[in-house]
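Descriptive structure summary
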Amino acid sequence: MNNENVTTATEFFFLGFPGLGGFRFLLFILISSAYTMTILLDIMIIVLVSTRQCFQSPMYLFLKNFLFSEMCFVNVTIPNMLRIIWMDGANVSITGCIAQSYLFVSSGTTECYFLTAMSYDRYLAICNPLHYNRIMDHTLQYFLVIFCWMLGFLLSLIPLSLLVMLKFCGRNVIDHYFCDLAPFVTIACSDTSALEIDIFVLTIPMVAVPFVLIIVSYVSICVVILRMPSIGNRTKAFSTCSTHLMVVGMFYGAVLINYFTPIRGNSVTINKIISVMFTVVTPLFNPIVYSLRNQDMHTVICSYIQRKKRL
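It should be emphasised that the depicted structure is a prediction, and the values quoted were computed from it without experimental measurement.

Attention now moves to the overall build of the protein chain. Along the protein chain, the regular secondary structure elements total eleven helices and three strands. Reading the helices (α) and strands (β) of the protein chain from amino to carboxyl end gives β-α-α-β-α-α-α-α-β-α-α-α-α-α. Over its C-alpha atoms the protein chain spans a radius of gyration of 22 Å, differing by no more than 12% from the 19 Å that the globule rule assigns to 311 residues. Out of the 311 residues in the protein chain, the part that is buried amounts to 45%.

The alternating pattern of strand β1 (residues 11-14) places F12 and F14 on a buried face and E11 and F13 on a face that is not buried. One ladder, built from four bridges, connects β1 with strand β2 (residues 90-93); its direction is antiparallel. Bridging across to β2, F13 finds its partner in N91.

On to the packing of aromatic side chains, then. Summed over all chains, the structure comprises 19 aromatic pairs. Taken together, a centroid distance of 4.9 Å and an interplanar angle of 65 degrees make the contact between F55 and Y60 edge-to-face. A single burial state applies to F55 and to Y60, both of which are buried. Members of the aromatic cluster, each reached through a chain of ring pairs, are F17, F73, F104, Y177, F178, F211, F251, Y252 and F278. Sitting over the ring of F25, R24 keeps its end group 4.6 Å from the ring centre.

With that settled, the discussion passes to the UniProt feature "transmembrane region" (unreviewed entry) in the protein chain. The positions that UniProt labels "transmembrane region" (unreviewed entry) are, in the present scheme, residues 25-49, 142-166, 199-226, 238-261 and 273-292. Span residues 25-49 is 100% helix and 0% strand, its end C-alpha atoms 36 Å apart. The span residues 273-292 is 100% helix and 0% strand, and its two end C-alpha atoms sit 26 Å from each other.

Nonpolar side chains collect at one region of the surface, where Y142, I146, M150, L154 and L157 lie side by side and expose about 490 Å² of accessible area between them. Counting residues per element, the nonpolar patch draws most heavily on helix α5 (residues 138-155), which supplies four residues. Counting through the fold element by element, L157 comes out in helix α6 (residues 157-163). Take L157: its relative accessible area is 39%, and that puts it in the partly exposed class.

On to the sheet that holds β1. Across the sheet, which stays open at both edges, the three strands sit in the order β2-β1-β3 with mixed pairing between neighbours. Two strands lie at the open edges of the sheet, namely β2 and β3 (173-174), each paired on one side alone.

Turning our eyes to something else, we now look at the packing of helix α3 (residues 94-127) against helix α8 (residues 193-226). Following both chains from N to C, one finds α3 and α8 inclined at 20 degrees, their axes separated by 9 Å at the closest point. Classified by the angle their axes make, α3 and α8 are roughly parallel. Pair α3 / α8 crosses with left-handed handedness. Along the contact surface, α3 presents V105, T109, C112, Y113, L115, T116, S119, Y120, R122, Y123, I126 and C127, while α8 presents P205, M206, P210, L213, I214, S217, Y218, S220, I221, V224 and I225. Across the contact of α3 with α8, the residue classes tally to 17 nonpolar, five polar and one charged.

Taken as a whole, this structure holds one disulfide when the rule is applied. Note on cysteine connectivity: C97 is disulfide-linked to C179, with sulfurs 1.9 Å apart. One quick way to see it: the torsion about the S-S bond of C97 and C179 is about -115 degrees, and its sign makes the bridge left-handed. Of this pair, C97 sits in helix α3 while C179 sits in the loop between β3 and α7 (181-187); the two residues are 82 residues apart in sequence, bridging distant segments of the chain. Side by side, C97 and C179 carry an identical accessibility label, which is buried. As a non-bridged cysteine, C112 has C148 as the owner of its nearest cysteine sulfur, 10 Å distant. Residue C112 is classed as buried on the basis of its relative accessible area of 4%. Cysteine C222 is unpaired, with the sulfur of C241 as its nearest cysteine sulfur at 7.2 Å. With relative accessibility at 37%, the residue C222 sits in the partly exposed group.

Rules used throughout
Residues numbered from 1 in each chain as written. Predicted model: local features only at pLDDT ≥ 70, side-chain atom pairs only at ≥ 80, totals over all residues. Heavy atoms only, no water. Helix = DSSP H or I, 4+ residues; strand = E, 2+ residues; numbered from the N terminus. Rg over C-alpha atoms; globule rule 2.2 N^0.38 Å. Buried < 20%, exposed > 50% of the residue type's maximum accessible area, 1.4 Å probe, protein only. Pairing = 2+ DSSP bridges. Phe/Tyr/Trp six-rings, centres within 6.5 Å; stacked < 30°, edge-to-face > 60°. Lys NZ or Arg CZ within 6 Å of the ring centre and 35° of its normal. UniProt positions renumbered as here; feature names shortened; annotations may be inferred. Patch = residues over 30% accessible without salt bridge, like charges linked within 9 Å, V, L, I, M, F, W, Y side chains within 5 Å. Areas by Shrake-Rupley, 256 points an atom, 1.4 Å probe, with all protein chains shown as cover. Salt bridge = Lys/Arg side-chain N within 4 Å of Asp/Glu carboxyl O. Axes fitted to C-alpha atoms, helices over the stretch in contact; angles between N-to-C directions. Parallel < 35°, antiparallel > 145°, perpendicular 65-115°, else oblique. Left-handed = near helix turned anticlockwise from the far one by under 90°. Contact = heavy atoms within 4.5 Å. Nonpolar A, V, L, I, M, F, W, Y, C, P; charged D, E, K, R; others polar. Disulfide = S-S within 2.5 Å.

See below:
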């Protein structure tokens with residue numbers, strides 16, 4: 001092919017959810033409501049954890065950072081998704097799309113790492129309580145926070161360096177609502193084998209390793225809890241990590257369904273619905289669980305509501 005006759009694309013057109021008709025506006029209202037509630041709940045929990053003395057433990061330091069990375073995640077994806085839904089399809093520049101893809105992967109990976117740090121904290125608290133304060137000191141806490149942020153954003157630079165080298169020409173219509181990595185592989189007119197290999201290899205440190213570490217932590221926790229002679233102690237120990245375990249299950253369940261289920265055999269609509277679960281429903285689920293299931297959080301919120309009622 002003569003490269004001089006190839007027109008290089010400068011933007012993508014995202015179809016969003018075509019064919020919904022009047023239901024498009026209902027979808028817009030539902031997603032915008034979920035987005036608003038997610039941001040408000042995340043901010044509320046971050047403020048509570050930052051200002052209340054009862055939340056000054058390592059677990060809540062990791063929780064603050066996890067929710068902040070989650071806010072980055074939803075702010076990267078949902079506002080542009082709402083624009084595409086409202087306009088029934090919209091153009092996104094290639095530069096903007098690559099930036100969105102990088103921030104999407106970086107913030108999602110950072111969430112994985114903070115979930116791992118939180119599981120390690122629960123492991124130390126339950127399996128090694130006598131040495132917990134000595135091991136999980138301020139130095140280790142802040143090291144883990146910096147490590148999670150840096151590793152999440154640095155590892156994502158590898159696929160970014162390959163994305164910016166891809167050429168896009170001719171076909172620039174994407175039947176999706178945000179810049180995931182898959183569309184780049186599908187519509188690029190240059191060789192994408194290096195990017196595909198890179199994505200496959202990076203799933204090991206970005207997804208698989210954190211998941212394995214979380215599983216190992218909770219297997220160890222379960223073994224210790226089951227060895228406790230008192231049922232009351234077992235219940236108390238399990239309650240300290242049940243909320244985090246629910247969030248881990250929802251988060252990794254959404255990741256596995258979204259990225260590791262076969263695309264062939266599924267309609268485009270089904271794949272979009274799965275993506276909506278991952279990008280909209282799961283981020284909303286997390287702060288709701290932490291505000292309702294976490295006993296300390298639940299107590300503080302209820303006491304605040306009671307004071308407001310008395311006033």
